[in-house]
Amino acid sequence: MSAQSFLLIDVMYEENTQLTDSPKTNDGRHHVQSMLMRESLLDKDVQKSTETPVFRMLPEAHVIKIGGRSVMDAGRAVVYPVVEALAGCLKTKKLIIGTGGGARSRHVFSIGIDLGLPTGVLAQLALADSLGNAHILGTLLAPYGVVAIPPEIFGHLLPLFITSAPGVIFNGDPPYSLWEHPPTIGRIPPHRSDAGSFLLAECFGCKSLTLVKDVDGLYDRDPRIHTNATFIREIDTAELRQRNLESLPFDRVLLDLLDNARLQQSFQIVNGRHPDRIAAALEGKHAGTIIYANPKSRL
Amino acid sequence: MQNDLLTELGRSLLTSSLDDERLMAQTGGPPAVQILPEANVIKIGGQSIIDRGRAAVFPLLEEIVENLGRHKMIIGTGAGTRARHAYSVGLDLGLPTGVLSVLGTFVSMQNARMLNYLLAKHGIPFIEPAQFAQLPHYLAERGAVIFFGMPPYIYWHGNPDVGRIPPNRTDTGCYLVSEVFGARSMIFVKDEKGLYTADPKKDRNAKFIPTITIAELEQLDLHDVVVERSVLELMPNATHQRSIQVINGLGRGNLTRALNGEHVGTIISAD
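Residues numbered from 1 in each chain as written. Chains lettered and ligands numbered in written order. Predicted model: local features only at pLDDT ≥ 70, side-chain atom pairs only at ≥ 80, totals over all residues.

A.B. asks: For this particular structure, what's the right way to read the overall build of chain A?
C.D. replies: In terms of regular secondary structure, chain A is built from 10 helices and 11 strands. For chain A, the C-alpha atoms occupy an extent of roughly 75 × 45 × 40 Å along the three principal directions. Residues classed as buried in chain A amount to 50% of the 299 residues present. Considering only residue pairs separated by 6 or more positions, chain A has 70% of its internal contacts joining residues 24 or more positions apart. (Helix = DSSP H or I, 4+ residues; strand = E, 2+ residues; numbered from the N terminus. Buried ≥ 20, exposed ≤ 12 C-beta atoms within 10 Å, placed from the backbone. Contact = placed C-beta atoms within 7 Å.)

A.B. asks: What exactly am I supposed to notice about the interface of chain A and chain B here?
C.D. replies: Contacts between chain A and chain B engage 75 residues on the former and 77 residues on the latter. For the side of chain A that touches chain B, the secondary structure elements donating two or more residues are β2 (31–32), α2 (44–49), α4 (103–114), α5 (119–141) and α7 (193–203) of chain A. Broken down by element, the side of chain A that touches chain B gets its largest block of residues, 7 residues, from α4 of chain A.

A.B. asks: It is not clear to me how unusual backbone geometry should be interpreted in this structure. Could you clarify?
C.D. replies: Note: most peptide bonds trans; most residues except glycine with negative phi. Residue and element names in this part refer to chain B. The residue I154 is not glycine, and still its phi comes out positive at about 35°. Assignment of secondary structure puts I154 in the loop between β4 (144–148) and α7 (170–180). With phi around 45°, D221 is a residue other than glycine that occupies positive phi space. Counting through the fold element by element, D221 comes out in the loop between α8 (214–220) and α9 (229–234). Classification of D221 as exposed rests on a count of 8 C-beta atoms within 10 Å.

A.B. asks: Explanation requested: the environment of I187 of chain B in the structure shown.
C.D. replies: Positionally, I187 of chain B belongs in strand β5 (residues 185–190). In this structure the C-alpha to C-alpha distance between I187 of chain B and Y175 of chain B, which are 12 residues apart in sequence, comes to 8.9 Å.

A.B. asks: So what exactly am I meant to see when it comes to the sheet that holds strand β3 (residues 62–66) of chain A here?
C.D. replies: What links the strands of a sheet is backbone hydrogen bonding, and the strands pair in either a parallel or an antiparallel sense. Residues and elements named next belong to chain A. Spatially, the 7 strands line up as an open sheet ordered β5-β4-β3-β6-β10-β11-β9, and their pairing is mixed. Sheet topology places β5 (167–171) and β9 (234–236) at the edges, where each strand pairs with a single neighbour. Between one strand axis and the next, the sheet turns by 20° as a mean value, whatever way the strands run. Two elements, strand β4 (residues 95–99) and β5, share 5 bridges in a ladder whose sense is parallel. Bridge pairing links I97 to I169 in β5. (Pairing = 2+ DSSP bridges. Axes fitted to C-alpha atoms, helices over the stretch in contact; angles between N-to-C directions.)

A.B. asks: What am I meant to see in the environment of A287 of chain A here?
C.D. replies: Residues and elements named next belong to chain A. Tracing the sequence through the fold places A287 in the loop between α10 (276–282) and β11 (289–292). Of the residues examined, A287 has 22 C-beta atoms within 10 Å and is grouped as buried. Put simply, A287 and V79 are 208 residues apart on the chain and 19 Å apart in space, counted from C-alpha to C-alpha. Each residue touching A287, except ones within four places of it in the same chain, is listed here: Q268, V270, R277, A280 and A281.

A.B. asks: Which parts of the structure should I look at to understand the domain arrangement of chain A?
C.D. replies: It is common to report an interface's size as the accessible area lost on association of the parts. Domains assigned within chain A are domain 1 (1–45) and domain 2 (62–292). Its C-alpha centre places domain 1 of chain A at a distance of 43 Å from the equivalent point of domain 2 of chain A. (Domains from an automatic or database assignment.)

A.B. asks: Where do I start with the packing of helix α4 (residues 81–93) of chain B against helix α5 (residues 97–118) of chain B in this structure?
C.D. replies: When two helices pack together, their arrangement is given by the angle between the helix axes and by the axis-to-axis distance. Residue and element names in this part refer to chain B. The N-to-C vectors of α4 and α5 enclose an angle of 155°; their axes lie 9 Å apart at closest approach. Taken together, the axis directions place α4 and α5 in an arrangement best described as roughly antiparallel. For the element pair α4 and α5, the recorded crossing hand is right-handed. Packed against α4, whose contacting residues are R82, A83, A86, Y87 and G90, the element α5 presents V99, L100, L103, G104 and V107 at the interface. A per-class count over the contact of α4 with α5 returns 7 nonpolar, 2 polar and 1 charged. (Parallel < 35°, antiparallel > 145°, perpendicular 65-115°, else oblique. Left-handed = near helix turned anticlockwise from the far one by under 90°. Nonpolar A, V, L, I, M, F, W, Y, C, P; charged D, E, K, R; others polar.)

A.B. asks: It is not clear to me how helix α1 (residues 8–15) of chain B should be interpreted in this structure. Could you clarify?
C.D. replies: Every α-helix winds through 3.6 residues per turn, so residues three or four apart in the chain are directed the same way. Within the span of α1 of chain B, buried status applies to G10, L13 and L14 of chain B. For α1 of chain B, the angular spread of the buried residues around the axis is 100°, confining them to a single face. Tucked into the core, α1 of chain B has its buried residues touching α4 of chain A. (Arc of directions from axis to C-beta.)

A.B. asks: I tried to follow the pairing of β4 of chain A on my own but got confused; where do I start?
C.D. replies: Each regular strand carries side chains that alternate between the two faces of the sheet. Residues and elements named next belong to chain A. Summarising burial for β4: 5 of the 5 residues are buried, a large majority. Burial of β4 is two-sided: the residues L95, I97 and T99 facing one way and the residues I96 and G98 facing the other way are all buried. Where β3 meets β4, 5 bridges bridge the pair, whose relative direction is parallel. Following the sheet pairing, H62 is matched in β4 by L95. Chirality of the crossover, the property in question, places the unit of β3, helix α3 (residues 76–90) and β4 among those that are right-handed. (Right-handed = clockwise from strand over helix to strand, strands pointing away.)

A.B. asks: Explain the nonpolar core to me, please; I cannot follow it from the model alone.
C.D. replies: As a rule of thumb, nonpolar side chains are buried together in soluble globular proteins. I169 of chain A together with I74 of chain B are the most contacted members of the largest nonpolar core, which totals 156 residues. Considering each element in turn, this core owes the most residues, 9 residues, to α5 of chain A. Apart from the residues lying within four places of it in its own chain, the contact partners of I169 of chain A are I97, T99, A134, L137, G138, L141, V146, V147, A148 and I149 of chain A. (Core = buried A, V, L, I, M, F, W, Y, C linked by C-beta atoms within 7 Å.)

Here you go:
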């Protein structure tokens, strides 16, 4: 493809706009000259031709997701030390902080499901809870110049905010709302705040994604229920799928998102009850469980 | 929080992981309500209809007006050739899928605005995602609304497994609206009779397929399909919208017949 073909904006007003025109030349549609002109974007060869290296918008920024139920709902004893840890990191690093919805989202899910409301409505309702937590955390981080940004402007203005302030807070949920995908099982929205934080890190080409939870990382079983659960220090999505664990400490859809990622090839889960591990993770150290993309997924 | 205020499911959701499959299996709950069971979602193709200009758009809009009062219509717009241009420019510059999604949204919004002005004298509004709370009111009052078909994922758009074009585009956005509202039908208005075994614009031997299930479609593994693959991936998980129809909007009367529940194009179903 030549650069010229992209710059030449040649609107082709085709003379003979009969609706039965030959497919080769005059097909009745007014095209703008481009590589994808007249192509079906659903054609597999066309799709392959669009695989090109991706530009990183914010390569120095780190995305951190602070758990809703695991951290925010645990109250002062857990939240204050996490805030202190974040404040320390903000001295040297640019942070994009997402929050989960926690107990209130789970409550609204249970009421909504009981009332027969669909997944998209549940996703729309839950946005309010993670946004509430974003404002709570924003209040506590305000002394360090970090506040919650309204979701409507967050994406577009993120590069400005992250250059002007040491960090920003957003509600970790992606803006899927009514357009949330119905899940395979049950009715809970599959793209929640872990997924929203991942997608943001991937789109903006950020340096790392860290999920701050109340467990040391991934175990073969839920360690809060099974005291003899085995810790898994690192694993890739292929092995993780194969092991088919019943419970994961992150949105299950992250496995798919990670395998389709072009930039964000891993993320780390750390325990917010040991706040020093947050700084360690941002330094690139192994402080919890690191989940890697399937090494074969992009070959 | 007082635990006695919660249902048993509520208590489980508060204490367990939302990624626990056993728990998720309990969240099917009572049957989902159909929020707008009388509404039909109509997707008007960008490249296939709107880019053809007056010759294709005017007769279709006339048909929409004729159906006011008879059928409730939620009308979503495709993007088309300008989105393809923007995607080409963006791909060349290395822009990520999320940014391409923003660009596609702008084009489908232009198309929605154009249809909005052409239908303005009938009082039909164009609503953005933030105005969807008013959709039921407009639908009750005016019988139709217009929205842009792109789902509002913008920077949060997931990558495709192949290439970089946003995988959830205007077909998917319209389909998800029909699913979440439990709409009566989902009609894709394109410039082909429906699904063929190959792109009929390029392959004259392409065979028309009047009805097909998702399972059969997967087996065929077609090189090119008439609706976005993500619609086909979402349909088996749907509660309400388990079938869709693709029709040729260049044929006068096809939309009306489809709204009347007739089979005029290709019906794709999950069951």
